[in-house]
Amino acid sequence: MPHYIFEARALKTRPGPIAGVDEAGRGPLAGPVVAAAVILDRKRIPKGLDDSKQMQPEAREEAYVRIFERAVAVGVGEASVDEIDLINIRQATHLAMARAVRALALAADFALVDGNDAPALPCPCDTIVDGDARSASIAAASIIAKVTRDRMMRALHEHFPGYGWFNNKGYSTEEHLEALTRLGPCIHHRRSFAPVHNILYGAQLEDSILTA
């Protein structure tokens, strides 16, 4: 289970505050990538924190509320589908993380980021592999990012119900891929991702090869 050891270790050499940073939605074929930054009060750490991917939706929603009630500050940032297609998903994820840190009501002195790829943030940072399962602050950020993005995808489902986003949240499930083939991509699909790109441009490429 996540703990506060990494934050406590950082606070021995830095004045704080320390923010945990994580993202949700790096892999889906549709929708934005969302990041969150959370600064926890070590004396009021919410119960039930865990890697958001390991939690049931109801547990994530409950933890989401507790985090906002107990955290010192919470920031959320996103990068749009257009930005993902323009600068690639890695850079868009870093952009969303930087926006999340900037959105904190209290500026972070240092950040702990999930993964092994350090983004350019408004403050120094360190990365932790599997940080969402090891660091309380990163786990809290993973929950905020995941719940926020899931809510976005459920809202988009109301306007584009054919793709099953209420359930698959834009990920490349069999249901989503079948609908994508049948209906074609919509404005919320990431055109730089292979399944979408191939549907849009694969036939054009084949025609150009045949007529060349």
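Please refer to the structure higher up on the page.
Description of the structure in this document. Being a predicted model, the structure only gives us computed values, none of them experimental. (Residues numbered from 1 in each chain as written. Predicted model: local features only at pLDDT ≥ 70, side-chain atom pairs only at ≥ 80, totals over all residues. Heavy atoms only, no water.)

### A look at the state of the cysteines
Should the sulfur atoms of two cysteines be covalently bonded, the bond is a disulfide. In this structure the tally under the stated criterion is zero disulfides. Residue C123 stays outside any disulfide, its sulfur separated by 6.8 Å from that of C125, the closest cysteine. Relative accessible area serves as the criterion here: at 7%, C123 is assigned to the buried category. (Disulfide = S-S within 2.5 Å. Buried < 20%, exposed > 50% of the residue type's maximum accessible area, 1.4 Å probe, protein only.)

### Quick word on the sheet that holds strand 1 (residues 18–24)
Across the sheet, which stays open at both edges, the five strands sit in the order 3-2-1-4-5 with mixed pairing between neighbours. Lying at the two open borders of the sheet, with one neighbouring strand each, are strand 3 (73–79) and strand 5 (125–128). Each strand axis lies, on average, 20° off the axis of its neighbour in the sheet, ignoring direction. Here strand 2 (residues 33–39) pairs with strand 3 via seven bridges, running antiparallel. Paired with V33 across the strands is A79, a residue of strand 3. Contacting strand 1, strand 2, strand 3, strand 4 (110–114) and strand 5, helix 5 (residues 136–159) crosses the sheet at an angle of about 35° to strand 1. (Pairing = 2+ DSSP bridges. Helix = DSSP H or I, 4+ residues; strand = E, 2+ residues; numbered from the N terminus. Axes fitted to C-alpha atoms, helices over the stretch in contact; angles between N-to-C directions. Contact = heavy atoms within 4.5 Å.)

### Things to note about the nonpolar core
V21, V33, V101, L104, L121 and W165 are the most contacted members of the largest nonpolar core, which has 33 residues in total. Of all the elements in the fold, those that place two or more residues in this core are strand 1, strand 2, strand 3, helix 4 (89–102), strand 4, helix 5 and helix 7 (174–183). Examining the composition of this core, we find that seven residues originate from one element, helix 4, more than from any other. Setting aside residues no more than four positions away along its own chain, V21 makes contact with A36, A37, M97, V101, A111, L112, V113, D114, I138 and A141. Judged by nonpolar contacts, the second largest core, of 21 residues, contains Y4, A63, A141 and I143. (Core = buried A, V, L, I, M, F, W, Y, C linked by side-chain atoms within 4.5 Å.)

### Some remarks on the side chain of H189
Tracing the sequence through the fold places H189 in the loop between helix 7 and helix 8 (194–211). Among the polar contacts listed, one links the side chain of H189 to the side chain of H176, at a separation of 3.0 Å. Within the structure, H189 has its side chain in polar contact with the backbone nitrogen of C186 (distance 2.9 Å). Contact partners of H189, with chain neighbours within four places excluded, come to L29, A30, V81, D85, Y163, W165, H176, L180 and V196. (Polar contact = N/O pair within 3.5 Å; in protein donor to acceptor, adjacent residues only side chain to side chain.)

### Points about the pattern of salt bridges
If you walk through the whole model with that rule in mind, you get 10 salt bridges. The shortest N-O distance in the salt bridge between R90 and D117 comes to 2.7 Å. Here the residue R90 occupies a position in helix 4, and D117 occupies one in the loop between strand 4 and strand 5, the gap between them amounting to 27 residues. Of the charged contacts, one joins D150 and K146 as a salt bridge, the two residues approaching to 3.3 Å between their closest N and O atoms. A residue pair is termed a helical-turn pair when its members lie 3 or 4 positions apart in one helix, as D150 and K146 do in helix 5 at four residues. Take D150 and K146: they sit in the same class, and that class is buried. (Salt bridge = Lys/Arg side-chain N within 4 Å of Asp/Glu carboxyl O.)

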